Amino acid sequence: MKVFIVHAHPERRSLNGALTDLAVKTLTDAGHEVRVSDLYAMRWKSTVDAADFGPAASDPLAVVPDSGQAYESGALAADIRAEQEKLRWADTVILQFPLWWYTMPAILKGWVDRVFTYGFGYGVGEHSDTRYGDRFGEGTLQGKRAMLSLTVGGPEGHYSDRGINGPIDDLLFPIQHGILFHPGMAVLPPFVLYRAGRMSSEDFAAAAERWRERLLSLEETEPVPYRTQNGGDYEIPVVRLRAGLEKPGRSGFALHLAE
């Protein structure tokens, strides 16, 4: 495999850093190629501005068309182009981060904002009364696999079906479905470590073994069965799930699972 890890934690000696280091060693020892973007070490600029688009930037700035024009003309900032090339190179993408305030750290969201430009991450394909673009299962990154590896401060029960924070799958839906599946990547089930700040050395040893097992089975892991947008389950162009396709009792984000 060609694995691209996007690492987002300010302390390289953190649990997240250990998971990234373990992933690099495990995968390379198994004969796979690995590239890492350590966003804090790179001092990644997390805000979109006119400098991202070079001569394609308009005044006033229009982010969507300007980013598309810059992408098509090769005028995107060099750091954006470098990250897009890593995504093209990879067949598997891992986002490694701590869950902060129910989502990814700002620097990682800024990586998405700047790298997933119009024409690359979205705005791809035909938009008509019968097809609403190449997205949610299709798109520029179709054929690649992606997975979230994250640490969570609270215990697992807080992120369960009746937990105070809501189910972890619901919290991760905007990232897994809205960011990774949107441009076409198949999304593997996440790897989640709970009570990250209270892990003993024994806890970490057990977690490290589970992480190794997940990494070595990536090629065989079945993805989350999200429904493809243009596969017939949704009414086009309203992109609304057709009535009666869901399993009895399903609602919310779970409606978009085909199984």
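Structure shown above.
Please read these numbers as outputs of a predicted model, since none were measured by experiment.

Q: Help me understand the pattern of salt bridges, please; the structure alone is not making it clear to me.
A: Oppositely charged side chains can form a pair if their charged atoms are brought close together. Taken as a whole and judged by the stated rule, the model has 15 salt bridges. Note that K25 and D29 form a salt bridge whose closest N and O atoms lie 2.7 Å from each other. Taken together, the positions of K25 and D29, both in helix α1 (residues 15–29) and four residues apart, correspond to about one turn of that helix. Look at D29 and you get exposed, because its relative accessible area is 56%.

Q: Please clarify how the pairing of strand β1 (residues 2–7) should be interpreted in this entry.
A: Taken residue by residue, a regular strand's side chains alternate between the two faces of the sheet. When you tally the buried positions in β1, you get five out of six residues, the bulk of the element. Pairing of β1 with strand β2 (residues 33–38), which is carried by six bridges, proceeds in the parallel orientation. Among the inter-strand pairings, I5 is bridged to a residue of β2, identified as V36. Following the backbone out of β1, through α1 and into the adjacent parallel β2, one traces a crossover that is right-handed. Inspection of the sheet shows β1 paired to strand β3 (residues 92–98) by five bridges, in the parallel sense. The partner of F4 across the bridge, within β3, is V93.

Q: Looking at this model, I keep getting lost on the packing of aromatic side chains. Mind explaining?
A: Ring pairs (aromatic) are described by centroid distance and by the angle formed between their planes. Taken as a whole and assessed by the stated rule, the structure comprises eleven aromatic pairs. Measuring from centroid to centroid gives 6.0 Å for Y159 and Y194, while their planes differ by 40 degrees, and the two rings are tilted. One end of the pair, Y159, is in the loop between β4 (145–151) and α5 (168–181); the other, Y194, is in the loop between β6 (191–193) and α6 (201–216), with 35 residues separating them in the sequence. Each member of the pair, Y159 as well as Y194, carries the same accessibility label: buried. An aromatic cluster of three or more residues is present, and its members are F4, Y71, W111, F116 and F120. The positively charged end of R35 is found above the aromatic ring belonging to W89, 4.1 Å away from the centroid.

What counts, and at which threshold
Residues numbered from 1 in each chain as written. Predicted model: local features only at pLDDT ≥ 70, side-chain atom pairs only at ≥ 80, totals over all residues. Heavy atoms only, no water. Salt bridge = Lys/Arg side-chain N within 4 Å of Asp/Glu carboxyl O. Helix = DSSP H or I, 4+ residues; strand = E, 2+ residues; numbered from the N terminus. Buried < 20%, exposed > 50% of the residue type's maximum accessible area, 1.4 Å probe, protein only. Pairing = 2+ DSSP bridges. Right-handed = clockwise from strand over helix to strand, strands pointing away. Phe/Tyr/Trp six-rings, centres within 6.5 Å; stacked < 30°, edge-to-face > 60°. Lys NZ or Arg CZ within 6 Å of the ring centre and 35° of its normal.

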